[in-house]
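# Understanding the architecture of this molecule
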Amino acid sequence: TIQSYVAFMRMPRLAACLLFGYLETCKFEFASSAGAAGGRGGRDALSHGFCTFVSSAGQVFSLTDADMPARSALRTIVRGLRCLAHLPASDWETLGSVKTARQLVQESSA
C-alpha cells in the first residue's frame, strides 16, 4: 500500500529558492555522512516524510531518482500548482480547514 499526502505552501520566490537550496544541502550532507547507511529513519528526518517537492516555478527536489516525477507529469503538476496559487482565500476556505506553518509547528510542539 502506498501512502501519500500533499502539502501546498504559499511563499515568496526567495523563500522557495531558499527552501530548495536548503533541501539540496541537507540531502548532500546526509548522503556524505556516515548516517546515510542508517536507512529510512534518517531519510524521514531529512524531509519529514516528504520525498518530492515541486514549485510552481518548476523547481524540483527529490530524495532519490525514483521519486522524481516524469517530465510529462511535471508539466501537469506545475500547471496545477499555478492554478492553486491563484485561488482567492474564499475558495481555499471551501476546501476545509487551512493551517499556517506557524500553527502546525505550535501544534507539534504542544
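Note that the coordinates shown come from a computational prediction; the quantities given were computed from them, not determined experimentally.

What follows covers the nonpolar core. Counting residues in each nonpolar core, the largest one holds five residues, listed as Phe20, Leu23, Phe53, Phe61 and Leu63. Discounting chain neighbours no more than four positions away, the residues touching Leu23 are Phe53 and Phe61.

The next subject is the side chain of Ser55. By the secondary structure assignment, Ser55 is in the loop between strand 1 (52–54) and strand 2 (60–62). For Ser55, the contacting residues outside a window of four places in its chain are Phe20, Val78 and Leu81.

Let us look at helix 3 (residues 71–85). With 15 residues, helix 3 extends 21 Å from end C-alpha to end C-alpha; this agrees with the ideal 21 Å at 1.5 Å per step. Of the residues making up helix 3, those classed as buried are Leu74, Val78 and Leu81. Taken down its axis, helix 3 places every buried residue within 60° of arc, on the same side. The outward face of helix 3, more than 90 degrees from its buried face, is lined by the exposed residues Arg79 and Cys83. On the buried face of helix 3, the contacting elements are strand 1 and strand 2.

Reading the values: rules and limits
- Residues numbered from 1 in each chain as written.
- Predicted model: local features only at pLDDT ≥ 70, side-chain atom pairs only at ≥ 80, totals over all residues.
- Heavy atoms only, no water.
- Core = buried A, V, L, I, M, F, W, Y, C linked by side-chain atoms within 4.5 Å.
- Buried < 20%, exposed > 50% of the residue type's maximum accessible area, 1.4 Å probe, protein only.
- Contact = heavy atoms within 4.5 Å.
- Helix = DSSP H or I, 4+ residues; strand = E, 2+ residues; numbered from the N terminus.
- Expected span 1.5 Å × (residues − 1).
- Arc of directions from axis to C-beta.

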